[in-house]
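Survey of secondary and tertiary structure
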Amino acid sequence: MGVLKVHVHKGLKAYFVSKGRKWVVEEGEQTHQFSNVNEVVRKFPQLLEVNAIIMACERKKTAKLKAVLPEIKAKKPEPVLTKTVSCYYCSGKGDIFDGVLCPNCKGQGIFEVNTRGIG
């Protein structure tokens, strides 16, 4: 486990314990545990004078804003390109043998292909 960074300010000791992800504030003999930095600041507003706690609050605030307001990018619709090709299965004749229609082009000998798939 790493070394704890203890922030001492006006008789309070505040630090973050990564195991259990808790903020701990020691006030004299009393120990208070909090699940996030916002609860720490609500209970002990004087800790907002510590730079590390200010930065933790700002990171929490920006993370919430990004979760609430995701970037919306407008997509331009791509043009659909089409092309008529001869059937590769029947070689453009429309039938396979002796009047049996080609199952690929349904007897037409050609079909349309576009950028979205076979039309």
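Residues numbered from 1 in each chain as written. Predicted model: local features only at pLDDT ≥ 70, side-chain atom pairs only at ≥ 80, totals over all residues. Heavy atoms only, no water.

When you go through the protein chain residue by residue, the secondary structure sums to two helices and seven strands. The helix and strand sequence of the protein chain, counted from the amino end, reads β-β-β-β-α-α-β-β-β. In terms of overall size, the protein chain is more extended than a compact globule, its C-alpha atoms giving a radius of gyration of 34 Å where 119 residues would be expected to give roughly 14 Å. With 119 residues in all, the protein chain has 24% of them scored as buried. Intrachain contacts of the protein chain at a sequence separation of at least 6 include 29% that bridge at least 24 residues. Accessible surface for the protein chain amounts to roughly 9,600 Å². Of this, 54% is attributable to carbon and sulfur atoms. Where the 20 positive side-chain charges of the protein chain centre and where its 11 negative ones centre are 4 Å apart. (Helix = DSSP H or I, 4+ residues; strand = E, 2+ residues; numbered from the N terminus. Rg over C-alpha atoms; globule rule 2.2 N^0.38 Å. Buried < 20%, exposed > 50% of the residue type's maximum accessible area, 1.4 Å probe, protein only. Contact = heavy atoms within 4.5 Å. Areas by Shrake-Rupley, 256 points an atom, 1.4 Å probe, with all protein chains shown as cover. Lys, Arg positive; Asp, Glu negative; His and termini not counted. Charge placed at Lys NZ, Arg CZ, Asp CG, Glu CD.)

It is worth spelling out the packing of aromatic side chains at this point. On inspection of all chains with the given rule, the structure shows two aromatic pairs. Between Phe34 and Phe44 the ring centres are 6.2 Å apart and the planes differ by 85°, which places this aromatic pair in the edge-to-face class. Of the two residues, Phe34 sits in strand β4 (residues 30-34) while Phe44 sits in the loop between α1 (37-43) and α2 (51-68), which places them 10 residues apart along the sequence. In this structure Phe34 comes out as buried when scored by relative accessible area, which is 9%. The exposure class of Phe44 is buried, given its relative accessible area of 4%. (Phe/Tyr/Trp six-rings, centres within 6.5 Å; stacked < 30°, edge-to-face > 60°.)

Another point: the sheet that holds strand β2 (residues 12-17). On the basis of which strands lie adjacent, the open sheet formed by four strands has the order β1-β2-β3-β4 and antiparallel pairing. Both outer strands of the open sheet, β1 (7-9) and β4, are each paired with one neighbouring strand and no more. Here the strands of the sheet are splayed against their neighbours by 20° on average, with no regard to which way each runs. By the bridge criterion, five bridges tie strand β3 (residues 22-27) to β4 in an arrangement that is antiparallel. (Pairing = 2+ DSSP bridges. Axes fitted to C-alpha atoms, helices over the stretch in contact; angles between N-to-C directions.)

On to the environment of Val3. Tracing the backbone shows Val3 in the segment before β1. Sequence-wise, Val3 and Val17 are 14 residues apart; in three dimensions their C-alpha atoms are separated by 9.6 Å.

Bridging between β2 and β3 involves six bridges; their strand directions are antiparallel. Residue pairing across strands places Val17 opposite Lys22, the latter belonging to β3. Linking two consecutive strands that pair antiparallel, namely β2 and β3, is a turn of four residues; a positive phi of about 95° is found at Gly20 within it.

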